[in-house]
Amino acid sequence: QVQIVESGGGLVQPGGSLTLSCVVSGSRFRDYIMEWHRQAPGKQREIVARVGRDSSAAYIDSVKGRFTISRDNAKNTVYLLMNSLKPEDTAVYYCTAVYNGWNVNWGQGTQVTVST
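A brief structural summary.

## So, the overall build of the chain
Here comes step 1: Within the chain one finds zero helices and 11 strands.
Here comes step 2: Starting at the N terminus and walking to the C terminus, you meet the elements of the chain as β-β-β-β-β-β-β-β-β-β-β.
Here comes step 3: Taking 13 Å as the expected radius of gyration for a compact globule of 116 residues, we find that the chain reaches 13 Å, a close match to that expectation.
Here comes step 4: Expressed along its principal axes, the backbone C-alpha trace of the chain runs to roughly 40 × 25 × 20 Å.
Here comes step 5: Taking contacts inside the chain between residues at least 6 apart in sequence as the whole, the part at least 24 apart equals 53%.
Here comes step 6: Split by element, the accessible area of the chain, about 6300 Å² in all, is 48% carbon and sulfur.
Here comes step 7: Taken as two groups, the 12 positive and 9 negative side-chain charges of the chain have centres that lie 2 Å from each other.

Encoded structure:
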């Protein structure tokens, strides 16, 4: 089974920054499209960012220009650099690996709270 573990969440003020990390077990990390999703209380989970096998990146419009997704295949790790954070970014952030269009697994999530 593929294990996915997120870390790096915390409490930050609006305008602040955080970097989330996601470590994936196994030997097939390079085969996966990696995604960050988030879920606020009472709302459905939404995709935030995606990084392909070739490191191509895509973002939801609300985070474009503020967030950067990247991957380090040598460390089986994907990152989400979040700048200029807004209260609307408050959510549990989840990492998932996608293979052949299917979610291989999800992490347990890491809480990001943006508040004064």
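## Details of the pairing of strand 8 (residues 77-82)
Here comes step 1: Bridge analysis of strand 3 (residues 18-24) against strand 8 gives six bridges, and the strand direction is antiparallel. Among the inter-strand pairings, leucine 18 is bridged to a residue of strand 8, identified as methionine 82.
Here comes step 2: Where strand 7 (residues 67-72) meets strand 8, six bridges bridge the pair, whose relative direction is antiparallel. Opposite aspartate 72, over in strand 8, you have threonine 77 as the bridge partner.
Here comes step 3: Hairpin connection, strand 7 to strand 8: the antiparallel pair is bridged by four residues, and asparagine 76 has positive phi, about 50°.

Rules used throughout
- What you see as residue numbers is a count from 1 along each chain, following the sequence as written.
- In keeping with the model being predicted, local features are shown solely for residues with a pLDDT of at least 70 and side-chain atom pairs are shown and tallied solely at 80 or more, while totals for entire chains, interfaces and linings include all residues.
- Hydrogens are left out, water is left out, and the side-chain values use all remaining heavy atoms of the structure.
- Strands are runs of DSSP state E lasting at least 2 residues, helices are runs of H or I lasting at least 4, and numbering of each runs from the N terminus.
- In this setup the radius of gyration rests on C-alpha atoms only. A globule is expected at 2.2 Å times the number of residues raised to 0.38.
- Contact between two residues is taken to exist if any of their heavy atoms lie within 4.5 Å; hydrogens are not considered.
- Accessibility throughout is a Shrake-Rupley quantity obtained with a 1.4 Å probe, and a residue counts as covered only by protein chains that appear here.
- When charges are counted, Lys and Arg contribute as positive and Asp and Glu as negative, whereas His and the chain ends are disregarded.
- Working definition for charges: the position is that of NZ of Lys, CZ of Arg, CG of Asp or CD of Glu.
- A strand pair is defined by DSSP finding two or more bridges across the two strands.

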